[in-house]
Amino acid sequence: MNKFILTQKLLLVSAIAFFITSCNPETPTATPKTGLISDHAMVVSARKEASDIGIAILEKGGNAFDAMMATEMALAVTYPFAGNLGGGGFAVFRMADGSIGSVDYREKAPLAADRNMYLDENGDIIPGLSTKGALASGVPGTIAGIFAAQEKFGKLSPAEVLAPVIELAEKGFVVTENQANRFARLKDTFIEVNGPETFYAKDIQAGQTLTNPALAETLKRIAANGKEEFYSGETAQLLVDHMEKIGGIITKEDLASYEAAWREPIVFDYQDLKIISMSPPSSGGITIGQIFEMIEPFDLKEYGHNSPEYIQVLVEAERRAYADRNFYLGDPDFVDIPVEELLDANYLKVRMSSFSMEKATKSEDIAEGKIAFAESMETTHYSIVDQEGNAISVTTTLNGAYGSKVYIDELGFFMNNEMDDFSSKAGEPNMFGLIGAEANSIAPGKRMLSSMTPTIVEKGGKLWMVVGTPGGSTIITSVVQTILNVSQFDMSMQEAVESPRFHHQWLPDLVSFEPESFDSTLIAKLKGRGYNIRESNNPIIGKVDAILVLPNGKLEGGADPRGDDAASGF
């Protein structure tokens, strides 16, 4: 009888436990949210049309480098906010055989540029000169970059790759609510810079199909004549004529002399991961390398995801890494960068030794110099894995939203305002708050410093993740947190991308939290430990687009819902 009662009690307890577990979404048995799963190939980008075209090129027999060209140009059509012909970017790649490399197609200062070009006769910065209009643009690198990569590794002809992009420009794409709002917000600025007859002077509504015949014609010439069309052909002449007409300084010599640069990526280990990221003039690889080295001694999993202790460790590592970033980094063709020293484990151990869980370190106590930093958020990223196992992580930009707002109507694209990423004057902030060091001063033919952080991660010697994001100075911290979300907290790729993020960049000495995403008790606890919290005007911190290789070899795409981003695969 006692045995029977005991059995009944055990059955009752088991039934109650099962009921509680099945009803509680927080239990480990809850099915994790996942992104698109594909068997062979994946493209994740800021627009579904661009991702679809990238996949279509792969299905046609192209590889990741063909898809890179197609996706980049499709973003120029559908996402003129940051997709571009008139800007630049960085690409990090890993071939199926494990070999790695990167392409730097960052813009350059025109040959007529000089370090005082944005200063008046009193040596003061002239407001707006480096951010809007003819003098704000560097020499574009995008076409050189995608052609360099595709020519070396691609399988299809540029004409085959660009055919669906040209069709997209001719037939048009559907404007999203996000886009319509941006077009409306900046319409008056487009007219101010380009005149009342410019392409984007018209009212553009959500749901409207928008075509771009001028860009279609430009792409047709590039498809037929290659990179030379943009840098020395009819397109080059139209670009130079337009810039000269509005008071710009980009010349035919600037365009003809532009070349993309092949760079050795920054490579480092974090626990069982090998991380491959972009080297200078991107600050991304070195800065995330410093952060990962400084946080490695801490048991982040034990602290818990987004716990006060977890946030403290990351913030303190970020504080120290950004201080070094802002002082030492620039264009490696112009300045000597102490890469090995900055990534040295002993150096970083000393850097982190002043950190205590009890109280925040103040930025002025560890700063190399009083150099404040912030950067444009208006960038875009895409990640690609092809059916052969090649992977590319690409971040590209015009700098500000629609760059300098200069729109070349004859060619169908915006020009960048990357010149603002230089130090216009020591000790004076640019439009995004950046006060630069000598390493990032303006010089003819020099590339400006960037936070873009296209990154590839290996695990067990095999491809594991392709990741990157827009977000200016928040790019670096968003990439770090996304990798940690999967590696330390076992999130799916989609969960990792959607997870709320926080950011610290040394100066200003503020921790930014994604709006309405963190508990007030957590914020209060951090304040009690001396952290200054930015409680209003917090930006969206990154829009991550990433791909994870699952244990069964399938691919999961994580497309950030903070934008119109989408994954496509087969």
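Residues numbered from 1 in each chain as written. Predicted model: local features only at pLDDT ≥ 70, side-chain atom pairs only at ≥ 80, totals over all residues. Heavy atoms only, no water.

Visitor: Is there a simple way to think about the overall build of the protein in this case?
Guide: A tally of helices and strands in the protein yields 19 helices and 21 strands. Put simply, 73% of the contacts in the protein that link residues at least 6 apart link residues at least 24 apart. For the protein, the computed accessible surface area is about 21,500 Å², with 53% contributed by carbon and sulfur atoms. (Helix = DSSP H or I, 4+ residues; strand = E, 2+ residues; numbered from the N terminus. Contact = heavy atoms within 4.5 Å. Areas by Shrake-Rupley, 256 points an atom, 1.4 Å probe, with all protein chains shown as cover.)

Visitor: Could you clarify how one ought to interpret the UniProt feature "active site" (unreviewed entry) in the protein in this entry?
Guide: Under the present numbering, the feature "active site" (unreviewed entry) in UniProt falls on Thr-379. If you trace the backbone, Thr-379 turns up in strand 10 (residues 379-385). If we ignore the near neighbours within four places in the chain, the residues touching Thr-379 are Ala-82, Thr-395, Thr-396, Thr-397, Met-452, Pro-470 and Gly-471. Within the structure, Thr-379 has its side chain in polar contact with the side chain of Thr-397 (distance 3.2 Å). (UniProt positions renumbered as here; feature names shortened; annotations may be inferred. Polar contact = N/O pair within 3.5 Å; in protein donor to acceptor, adjacent residues only side chain to side chain.)

Visitor: Help me understand the pattern of salt bridges, please; the structure alone is not making it clear to me.
Guide: When the charged atoms of two side chains with opposite charge come close together, those side chains can pair. On inspection of all chains with the given rule, the structure shows 27 salt bridges. Because the salt bridges share partners, they merge into one network encompassing Asp-104, Arg-263, Asp-333 and Arg-447. (Salt bridge = Lys/Arg side-chain N within 4 Å of Asp/Glu carboxyl O.)

Visitor: Looking at this structure, how should I read the confidence of the model for the protein?
Guide: Should pLDDT be low for a region, the predicted coordinates there are not to be read in detail. Residues at a pLDDT of 70 or more form 88% of the protein, whose mean pLDDT is 90. Here residues 368-374 is a poorly scored stretch, pLDDT under 50, and it has 34 contacts once near neighbours within four places are set aside; other chains count. (pLDDT = per-residue confidence, 0-100.)

Visitor: Looking at this structure, how should I read the packing of aromatic side chains?
Guide: Following the criterion strictly, the structure yields 30 aromatic pairs and no others. Taking 5.2 Å as the distance between ring centres and 85 degrees as the angle between the ring planes, the aromatic pair formed by Tyr-200 and Tyr-407 counts as edge-to-face. One end of the pair, Tyr-200, is in the loop between helix 6 (177-194) and strand 6 (209-210); the other, Tyr-407, is in strand 12 (residues 407-408), with 207 residues separating them in the sequence. As far as burial versus exposure is concerned, Tyr-200 and Tyr-407 are alike and both buried. Ring centres of Phe-230 and Tyr-231 lie 4.9 Å apart, and the angle between their planes is 65 degrees; on these two criteria the pair is classed as edge-to-face. Of the two residues, Phe-230 and Tyr-231, neither departs from the other in class, the shared state being buried. (Phe/Tyr/Trp six-rings, centres within 6.5 Å; stacked < 30°, edge-to-face > 60°. Buried < 20%, exposed > 50% of the residue type's maximum accessible area, 1.4 Å probe, protein only.)

Visitor: Please explain the sheet that holds strand 21 (residues 566-569) as it appears in this structure.
Guide: Either a parallel or an antiparallel arrangement is found when strands of a sheet pair, and the pairing is made through backbone hydrogen bonds. On the basis of which strands lie adjacent, the open sheet formed by seven strands has the order 7-4-3-11-10-2-21 and antiparallel pairing. The two strands at the open ends of the sheet, each matched to only one other strand, are strand 7 (261-263) and strand 21. Strand-to-strand twist in this sheet, taken as the mean axis angle between neighbours without regard to direction, amounts to 15 degrees. Looking at chain direction, strand 2 (residues 42-45) and strand 21 are connected through four bridges and run antiparallel. Counted as the bridge partner of Met-42 is Gly-569 from strand 21. (Pairing = 2+ DSSP bridges. Axes fitted to C-alpha atoms, helices over the stretch in contact; angles between N-to-C directions.)

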